[in-house]
Amino acid sequence: MLLLAAAAACAQDSAPSDPALGAGDPAWLAYNAVQPAAVFGAESSVPDTIVALGQDLLEQSAARELALGWRGMLAHVPRVADGATAAPGNRQNLVVLGTQAEVRAWRPALVNGPSLGPDSYRLRRAANILLVEGGDARGVLYGAFALLRQIAQQHSLQALDIGSAPWAAVRWTNEWDNPNGTIERGYAGPSIFFADGHVRADLSRAAAYARLLASVGIDGCAINNVNADPRLLLPENLKQIARIADAFRPYGVRLSLSIDMSSPKAIGGLSSFDPLDPQVAAWWQAKFDQVYRDIPDFGGVVIKADSEGQPGPSQYGRSPADAANVIARALAPHGGLVLYRGFVYNHHLDWHDMKADRARAGYDNFHKYDGKFDSNVIVQIKYGPIDFQVREPVSPLFAALPGTNEAIELQIAQEYTGQQRHLVYLAPMWKISLDTDMRASLGAPPLPVSELIAGKSVDGQRHSLGGFVGVANVGAEGWLGNPLALANLYSFGRLAWNPRLSAAAIADEWTRLTFGNDPTVRAIVDRLQMNSWHIYESYTGPLGLGTLTDIIGIHFGPDPESAERNGWGQWLRADRQGVGMDRTVATGTGFIGQYPAPLAAQYESLQTCPDNLLLFMHHVPYTYRLHDGKTLIQYIYDTHYWGAQAAAAQVPAWESLRGKVPDAAYAEVLKRLQFQAGHAIVWRDALTRWFARMSGIPDDLHRVGNDPYRMVAPAMKLDGYTTVDVTPWETASDGKAVVCTGRAECSLSFTWEKPDGWYDIAVQYFDFRNGASQYTLQVAGRAIGSWAADAALPDNRINGNTSTRYTVQNVALHRGDTVRLLARPDGREPAPVDYIELTPSAAVEPQ
Ligand code: GCW
């Protein structure tokens with residue numbers, strides 16, 4: 001994984017860029033055609049000249065971007081002029097771009113408003129001029145993108161006057177890219193920055209990414225994994241990384257790095273990395289002096305220390321503040337920031353100890369150091385106290401650091417929310433964290449998290465910095481792989497700019513920018529997005545249980561048991577009687593007491609604790625009645641069945657858009673929604689089986705464990721196939737599947753004994769990451785479907801990560817027909833099968 005020397009990597013610079021990668025998907029910068037008259041009153045009023053008053057790189061980018069937008073949306077190729085050639089007083093329609101100072105110098109009378117701050121802009125119509133005025137060059141660029149957003153949504157610009165300033169100073173993404181080109185928790189192909197241990201020769205995608213980020217106001221990007229490779233700080237590697245900063249610069253995105261606290265020892269030759277050792281401080285100082293020589297606009301660093309095995313100050317008995325400050329002092333002369341992560345916890349907790357609680361860790365490890373961090377340090381806090389689960393209460397740490405800068409860490413990459421194979425629009429979830437009122441008392445004015453991270457603190461003290469960090473983990477395959485998942489990247493930027501925007505409004509903006517203004521497309525895509533989180537939560541971990549995925553592995557399929565009886569502390573505390581973590585002050589871990597009193601009182605009481613956080617806060621029996629009167633266990637059954645049904649209904653909704661959205665996006669999304677519909681059934685079955693066995697209480701509606709349309713594979717006639725146990729047991733029928741080993745081909749078959757009719761036949765099989773087994777389904781000797789298990793699901797074992805289905809609809813079956821599945825294993829993938837399900841087709845009558 002060692003980075004190659006600069007010379008070797010430079011030699012690659014001249015290599016032709018990979019044409020297959022191109023510069024990346026345009027995402028929401030599609031610039032689809034709009035009706036010029038709707039925007040400008042009349043086609044003839046479309047400005048035909050773009051006047052760029054400044055020479056700044058960012059202002060040049062702004063002018064170039066407007067020209068692109070004009071071409072795509074308005075079918076106009078505008079002239080781009082500078083201030084001198086655009087003579088004042090002419091009668092042409094102009095778009096004029098400049099900082100407030102430049103506009104004043106050009107035409108003093110045009111400047112009539114309050115002065116604009118950094119990154120801010122004002123868009124305005126003044127006679128025949130459409131003015132994009134920035135507080136600085138970055139503000140001009142953001143203003144240009146904002147104007148393009150207006151046009152893309154076909155808003156009239158006749159009375160345009162919009163001023164806008166960012167909510168908070170820090171608006172960064174974190175990318176968990178490794179030098180070898182892999183991405184930790186990345187779900188869209190390889191890194192756009194690194195390959196094979198060096199910075200990519202072709203950085204056109206990095207530049208295209210910076211453009212996307214800038215279009216929603218994101219101004220910083222830490223390009224490497226928080227589990228950082230210290231060798232990235234070696235001089236020859238910094239030179240290479242500087243090339244990425246060069247690619248970002250035209251879009252005003254400052255490059256940052258995640259660093260390893262042990263670097264002074266790991267690569268610096270020192271015997272210690274004790275943050276209070278003067279030699280260590282001097283090493284960091286020299287290192288960052290060097291970084292700024294290579295990257296003058298370097299943004300700063302992200303630090304993961306004393307967490308999940310990363311080295312940290314605790315090794316020397318030092319505090320997070322000691323660690324953060326030694327770096328902060330090295331960065332301060334250059335204006336750099338330290339984002340020190342609050343994600344510090346012990347992953348060797350004693351699960352026998354009913355008072356032990358991982359959720360307490362953030363608060364316990366940080367609140368005592370409040371006020372001890374330097375002014376250029378920001379504590380970066382995950383939205384919830386555990387780890388990016390499908391639902392968590394907001395972290396109590398936000399309210400516990402009144403004298404410290406804070407940023408909220410959101411995760412755009414869908415690590416615990418379906419890994420971009422499931423549709424989950426995350427903005428509604430993020431909004432709940434941002435909007436949670438940490439004061440929560442009737443008497444006092446509200447104090448939502450969004451204000452805390454903008455520098456307003458609980459006791460009225462103010463600090464100046466703060467903001468938003470989004471773990472994006474974009475890759476070379478369509479940024480996030482799933483075209484609809486791009487709404488998450490978009491909404492992260494929009495919320496970081498203005499957290500008061502609603503999730504629905506942002507979704508609609510995204511849809512219009514991406515797919516155009518067709519009301520049918522908007523209605524369907526917006527509805528799919530807005531319902532998606534609730535649907536996913538319903539068939540995974542409801543009621544605040546956490547996602548219920550395999551938490552010590554891939555984090556994709558169902559595996560509730562993996563949370564229990566280990567040191568990682570994501571316990572469900574499920575037993576025969578009940579489930580949930582007792583985090584009350586009265587009888588539990590005391591976690592609830594970390595919240596400000598009014599919020600703590602709300603969570604402590606079963607009467608006022610919201611049902612959707614019930615099992616995060618309390619341990620209750622399966623027979624406990626929720627606020628609507630339903631028992632807990634019946635709610636778990638019902639919500640899983642409802643969720644799987646709702647996931648299935650997403651498919652026809654999307655299919656109704658065929659021909660109305662670009663074909664490639666249509667096909668990609670359809671493939672993923674179809675997969676999700678099948679995987680939601682895997683989730684539903686696994687969790688309802690698991691809870692039925694654990695509680696011993698049957699489903700009132702007799703669905704769980706009762707699948708009248710299924711033929712399980714071990715019960716069929718097996719030719720070459722053998723039966724194996726599956727772990728976890730609940731991810732296959734009766735905990736068993738069949739595998740074809742030691743033979744080139746196997747088959748399983750049965751005779752259809754039920755009435756003649758039309759049926760949908762689903763084969764539930766397991767598709768490993770490696771291997772592409774071949775399957776053919778026959779009815780009465782005739783092949784009705786043939787496919788390869790080549791979806792590269794993220795595991796090489798038979799379990800809920802790999803369980804998937806292939807469906808053939810509307811098959812005529814006659815009593816006595818043989819249904820046979822022929823399979824050819826591939827490599828280590830033994831063509832595993834769980835069951836075949838034959839359900840009467842909805843749409844056709846029997847022959
Ligand atoms: O959610 C967990 C991930 C780890 C990650 C860690 C973190 C980069 O599973 O892969 O490590 O969070 O946020 O540091």
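Preceding this paragraph is the structure being described.
Rules used in this analysis
- Note on numbering: residues in each chain are counted from 1, in written sequence order.
- Only residues with pLDDT of 70 or above have their local features reported here, since the model is predicted, and side-chain atom pairs are shown and tallied only from 80 upward, although totals for entire chains, interfaces and linings are computed over all residues.
- Based on all heavy atoms of the structure, the side-chain values leave hydrogens and waters out of the count.
- Comment: elements are numbered from the N terminus, with helices defined as DSSP H or I runs of at least four residues and strands as E runs of at least two.
- A radius of gyration in this sense is built from C-alpha atoms; the matching globule rule multiplies 2.2 Å by the number of residues raised to 0.38.
- Whether a residue is buried, partly exposed or exposed follows from its accessible area with a 1.4 Å probe, protein chains only, as a fraction of its type maximum: under 20%, in between, or over 50%, in that order.
- Any pair of residues with heavy atoms lying within 4.5 Å of one another is described as a contacting pair.
- Note on areas: Shrake-Rupley, 1.4 Å probe, and residue coverage restricted to the protein chains presented here.
- This count recognises Lys and Arg as positive and Asp and Glu as negative, with His and chain-terminal groups excluded.
- Note that the charge is assigned to NZ on lysines, CZ on arginines, CG on aspartates and CD on glutamates.
- When we say a residue is near a molecule or strand, we mean one of its heavy atoms is within 4 Å of it.
- Any pair of N or O atoms that falls within 3.5 Å is considered a polar contact. Within protein, one atom must be able to donate a hydrogen and the other to accept it, and sequence-neighbouring residues count only if both atoms are side-chain atoms.
- Only Asp, Glu, Lys and Arg are considered charged in this grouping, and only Ala, Val, Leu, Ile, Met, Phe, Trp, Tyr, Cys and Pro are considered nonpolar; every other residue, Gly among them, is considered polar.
- In plain terms, two cysteine sulfur atoms within 2.5 Å form what is called a disulfide here.
- Axis definition: a line fitted to C-alpha atoms, over the contacting stretch in the case of helices. Angles run 0 to 180 degrees between N-to-C directions.
- Each angle gets one of four labels, with under 35 degrees taken as roughly parallel, over 145 as roughly antiparallel, 65 to 115 as roughly perpendicular, and the rest as oblique.
- Handedness of a helix crossing follows the sense of rotation of the near helix relative to the far helix, less than a right angle counterclockwise being left-handed and clockwise being right-handed.
- Detection works on a 1 Å grid of protein atoms alone, calling trapped sets that fit a 1.4 Å probe cavities and calling open sets with protein on both sides within 12 Å along at least five of seven lines pockets, with lining residues defined by an atom within 4 Å of a point.
- Grid points are joined across faces, edges and corners, and a volume is the space filled by probe spheres set on the points.
- A pair of strands is treated as paired once DSSP finds two or more bridges between them.
- Whenever Lys or Arg places a side-chain nitrogen within 4 Å of a carboxyl oxygen from Asp or Glu, that contact is recorded as a salt bridge.

### Notes on the overall build of the chain
Of the regular secondary structure elements, the chain holds 20 helices and 29 strands. In terms of overall dimensions, the chain is globule-like: its C-alpha atoms have a radius of gyration of 29 Å, near the 29 Å expected for 847 residues. Once the C-alpha set of the chain is aligned to its principal axes, its extents read approximately 90 × 65 × 65 Å. Within the span of the chain, comprising 847 residues, buried residues form 61% of the whole. Put simply, of all contacts in the chain between residues at least 6 apart along the chain, 74% involve residues at least 24 apart. Of the roughly 30,100 Å² of accessible surface on the chain, a fraction of 53% belongs to carbon and sulfur atoms. For the chain, the centre of its 72 positive side-chain charges and the centre of its 87 negative side-chain charges are spaced 2 Å apart.

### Brief notes about the site of the ligand
The ligand sits among 15 residues. The nearest are Glu 184, Lys 304, Arg 341, Asp 387 and Glu 415. At 2.7 Å, a side-chain N or O of Lys 382 approaches an oxygen atom of the ligand. In this structure, an oxygen atom belonging to the ligand sits 2.6 Å away from a side-chain N or O atom of Asp 387. Computed on the free molecule, the ligand has an accessible area of 340 Å², of which 97% lies beneath the protein chains in the complex. Tallied by class, the residues present in the shell around the ligand amount to four nonpolar, three polar and eight charged.

### Comments concerning the state of the cysteines
Scanning the model with the defined rule gives one disulfide in all. For Cys 740, the disulfide goes to Cys 746, at an S-S distance of 2.0 Å. Judged by the sign of its S-S torsion, about 75°, the bond between Cys 740 and Cys 746 is right-handed. Accessibility assignment for this pair places Cys 740 and Cys 746 in one class, buried.

### With respect to the packing of helix H9 (residues 278–294) against helix H10 (residues 320–331)
A pair of packed helices is characterised by two quantities: the angle between their axes and the separation of those axes. Running from N to C, H9 and H10 point in directions that differ by 40°, and their axes come no closer than 8 Å. As summarised for this structure, H9 and H10 are arranged oblique, according to the angle between their axes. In this structure, the crossing between H9 and H10 has a hand that is right-handed. On H10, the residues that touch Ala 281, Trp 284, Gln 285, Phe 288 and Tyr 292 of H9 are Val 326, Ile 327, Arg 329, Ala 330 and Leu 331. For the contact of H9 with H10, the class distribution of residues is eight nonpolar, one polar and one charged.

### Some words on the packing of helix H19 (residues 632–655) against helix H20 (residues 663–695)
Between H19 and H20, the least distance of the axes is 9 Å, while the angle of their chain directions is 170°. Considered as vectors, H19 and H20 are oriented roughly antiparallel to each other. When grouped by side-chain class, the residues that make up the contact of H19 with H20 number 21 nonpolar, six polar and three charged.

### A closer look at empty space enclosed by the protein
For the structure on display, the rule yields seven cavities of 30 Å³ or more. One number sums up the size of the largest cavity: a volume of about 180 Å³. Grouping the amino acids of the lining of the largest cavity by side-chain chemistry returns 10 nonpolar, eight polar and two charged. Of the voids in this model, the second largest cavity is the one considered here, and its volume is about 150 Å³.

### Side note on the sheet that holds strand S26 (residues 782–788)
Taken together, the five strands give an open sheet; going across it, the order is S20-S23-S28-S25-S26, and neighbouring strands pair in antiparallel fashion. Unpaired on one side and paired on the other, strand S20 (717–719) and S26 mark the two borders of the sheet. Within the sheet, the average angular offset between the axes of one strand and its neighbour, ignoring direction, is 15°. Pairing of strand S25 (residues 774–779) with strand S28 (residues 818–824), which is carried by six bridges, proceeds in the antiparallel orientation. Bridge pairing links Thr 776 to Leu 822 in S28.

### Section: the pattern of salt bridges
Pairs can form between side chains of opposite charge whenever their charged atoms are close. Taken as a whole and assessed by the stated rule, the structure comprises 41 salt bridges. As a salt-bridge pair, Lys 671 and Glu 668 come within 3.5 Å of each other at their nearest N and O atoms. Here Lys 671 pairs with Glu 668, and both are found in helix H20, just three residues apart, close to one helical turn. One salt bridge connects Arg 684 with Asp 685, and the closest N-O pair in it is separated by 2.9 Å. Each of the two residues, Arg 684 as well as Asp 685, counts as buried. Connected through salt bridges with shared partners, the residues Arg 684, Asp 685, Asp 707, Arg 710, Arg 805 and Glu 837 form a single ionic network.

### A look at the pairing of strand S5 (residues 129–134)
The element S5 is extensively covered by neighbouring structure, given that six of its six residues are classed as buried. Across the two faces of S5 the burial is the same, with Ile 129, Leu 131 and Glu 133 and Leu 130, Val 132 and Gly 134 all buried. Sheet topology note: the strand S3 (residues 94–99)/S5 ladder contains six bridges and is parallel. Note on S5: the bridge partner recorded for Thr 99 is Gly 134. Pairing geometry for strand S4 (residues 121–126) and S5, over six bridges, is antiparallel. Note on S5: the bridge partner recorded for Arg 122 is Glu 133. Connecting S4 to the antiparallel partner S5 that follows it, the hairpin turn spans two residues, and Ala 127 within it adopts a positive phi of roughly 55°.

### Comments concerning the environment of Ala 361
If you trace the backbone, Ala 361 turns up in helix H11 (residues 361–366). Through-space distance from the C-alpha of Ala 361 to that of Tyr 345 is 5.3 Å; in sequence the pair is 16 residues apart. Among all residues touching Ala 361, those that are not within four sequence positions of it are Val 344 and Tyr 345.

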